[in-house]
Amino acid sequence: MLRLEHVGIAVHDASAVRATYADVLKALTYKSEAVDEQGVTTHFLALQNTKIELLEAISEDSPVQRFLDRQGEGVHHLAFEVPDIDAAFARLHEAGFTPLSDEPLDGADQKRIFFLHPKATHGVLIECCSSQPHCPAPKHVDTEHGPVAYYAWGDPERPSLLLLHGAAGSTYTETSLLAPYLEPYLHVVAVDFTGHGASANATPDTPLTADGFADNACSVLDALGCDRAHVFGFSMGGNIALHMAHRHPDRVDRVVSHGGHIDWKAATVDAMMHRLDRADANGTRMDALHGDWAALSSALRTFVEQLPGAALRLRRQMQTVQQPVLVSMADADDLFPLQAALTLHNALPNSRLAILPGRHHALQKHPLPPLAHQIRAFLQVG
Ligand code: CO
């Protein structure tokens, strides 16, 4: 089923319209971007399940100016997210629809797009779009574990939210996908843990530890001059977020842990090892994502193997966490049992529970707008 990605609205003067939407919908513009080839400046507002794209003509001969001349301000197009833009283009072309370009084009907001002529779609201009990974270039902070990569979005004057990815994941593959939904309301900062993404490679002499990962995150907060932040963590990142709240309570406001698991047993270790085996079979891709995948895979296996022995200590640590925590999980997570969320919820003195419909553990396959909405509601922003 396709998702309504955004509604395009043609406007004469975007600043007036932005003020109206701020009043009516409490929705703020999180990005303005000129698309010269189409003669427009676009302004994006985030809503819970979709976005609004305000279109302002920047040249007399732009299609949006012609639209405004013909029928004035109003709804201009509906945009649907398709999983594979080239396949969608070929299929619809074949089926007799008329794309308005010879191939998919680069659009605003990190997308590839094409439009269908409205004559065959009952008068509605339809855009098909497909997101490109949305990740700015990393910056680095030097630490005793080597350079740690981080990424930042949004206004540094807003409350800071740190995003922590899962084991064998990275900002690029996981947490950056949430950033577009959070950036309008928060100063969003994401970290690549040691061995992961654009941070220093893992080495045999420095084992991966929860302390080390929490240090990665604190080093990035230091580099940005942030005393404290809300922390969102996915899977292992959720455990690290809680570990930070336990070890560095003065640096952590609220915590959201999604897909986390503290009660490690032999069966969960096996399931995780199986995922690492599958990643090993994709070594070239994993090397491209992490630098030295063999070193990271080996270090993660050592890290995961000791988790069942640490389960009791982990549970005791959770009992010391005084910050408000949102424990969130997909109801049909294909890696960890749903019980994992209840166990964590029960171990924390001050937590709320959010079970979201979803079949996948992987954050990139989880429906992100509802998760982002939960995060924003819990952090009391937006
Ligand atoms: Co559009």
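Residues numbered from 1 in each chain as written. Predicted model: local features only at pLDDT ≥ 70, side-chain atom pairs only at ≥ 80, totals over all residues. Heavy atoms only, no water.

(A) Structural detail: the nonpolar core. Leu162, Leu164, Leu242, Met244, Val304, Met318 and Leu348 are the most contacted members of the largest nonpolar core, which has 59 residues in total. Here the element with the most residues in this core is helix 9 (residues 293-305); it accounts for seven residues. Listed in part, the 38 residues of the second largest apolar core include Ala46, Leu68, Tyr181 and Leu356. (Core = buried A, V, L, I, M, F, W, Y, C linked by side-chain atoms within 4.5 Å. Buried < 20%, exposed > 50% of the residue type's maximum accessible area, 1.4 Å probe, protein only. Helix = DSSP H or I, 4+ residues; strand = E, 2+ residues; numbered from the N terminus.)

(B) Just the coordination of the cobalt ion, in detail. The protein atoms that coordinate the cobalt ion are His6 (NE2), Glu53 (OE), His77 (NE2) and Glu127 (OE), at distances spanning 2.1 to 2.2 Å. One way to put it: the four donor atoms around the cobalt ion meet at angles of 80 to 163 degrees, and that makes the site irregular. Here the donor residues of the cobalt ion are spaced in sequence according to H-x46-E-x23-H-x49-E. With His6 in strand 1 (residues 3-11) and Glu53 in strand 4 (residues 51-57), this pair connects stretches of sequence that are 47 residues apart. Overall, Glu53 belongs to the buried group, its relative accessible area being 6%. (Donors = N, O, S within 2.8 Å, 3.2 Å for Na, K, Ca; no water. Tetrahedral: all angles 85-135°; square planar, octahedral: opposite > 155°, others 65-115°.)

(C) Spatial organisation of the sheet that holds strand 10 (residues 146-153). The strand order 9-10-12-11-13-14-15-16 describes an open sheet built from eight strands, whose pairing is mixed. Looking at the sheet topology across the chains shown, the edges are occupied by strand 9 (139-143) and strand 16 (351-356). The sheet shows a mean angle of 25 degrees between the axes of neighbouring strands, taken without regard to direction. Pairing geometry for strand 10 and strand 12 (residues 187-191), over four bridges, is antiparallel. Of the residues in strand 12, the one forming a bridge with Tyr150 is Val191. Strand contacts of helix 11 (residues 339-347): strand 14 (252-258), strand 15 (325-330) and strand 16, with the helix running at about 170 degrees to strand 16, the strand carrying the most contacts. Packed onto the sheet, helix 12 (residues 368-379) meets strand 11 (160-164), strand 13 (229-234), strand 14, strand 15 and strand 16 and runs at close to 155 degrees relative to strand 14. (Pairing = 2+ DSSP bridges. Axes fitted to C-alpha atoms, helices over the stretch in contact; angles between N-to-C directions. Contact = heavy atoms within 4.5 Å.)

(D) Main features of the sheet that holds strand 2 (residues 29-35). Spatial strand order, 2-3-4-1-5-8-7-6: eight strands in an open sheet with mixed pairing. Of all strands in the sheet, those with a lone pairing partner are strand 2 and strand 6 (105-107), marking the two edges. Geometrically, the sheet is characterised by an average inter-axis angle of 30 degrees between neighbouring strands, direction not taken into account. Across the sheet, helix 1 (residues 14-25) is in contact with strand 1, strand 2, strand 3 (40-46) and strand 4; its angle to strand 4 comes to roughly 160 degrees. Relative to strand 7 (residues 111-116), helix 3 (residues 85-94) is tilted by about 10 degrees, and along the sheet it contacts strand 7 and strand 8 (126-131).

(E) Examining the domain arrangement of the protein chain more closely. Taken domain by domain, the protein chain consists of domain 1 (3-131) and domain 2 (139-379). Put simply, the middle of domain 1 and the middle of domain 2, counted by C-alpha atoms, are 34 Å apart. In total, about 800 Å² of surface goes out of reach between domain 1 and domain 2, with carbon and sulfur atoms giving 57% of it. Summed over the three residues of domain 1 that lose the most area to domain 2, namely Leu28, Tyr30 and Gln48, the buried surface amounts to 56% of that side. Between the two partners, domain 1 and domain 2, sit zero salt bridges. Where domain 1 touches domain 2, the interface holds one residue pair in polar contact (both at pLDDT 80 or more). The residue inventory of the side of domain 1 that touches domain 2, partitioned by class, reads three nonpolar, two polar and one charged. (Domains from an automatic or database assignment. Buried area = accessible area lost by both parts, 1.4 Å probe. Salt bridge = Lys/Arg side-chain N within 4 Å of Asp/Glu carboxyl O. Polar contact = N/O pair within 3.5 Å; in protein donor to acceptor, adjacent residues only side chain to side chain. Nonpolar A, V, L, I, M, F, W, Y, C, P; charged D, E, K, R; others polar.)

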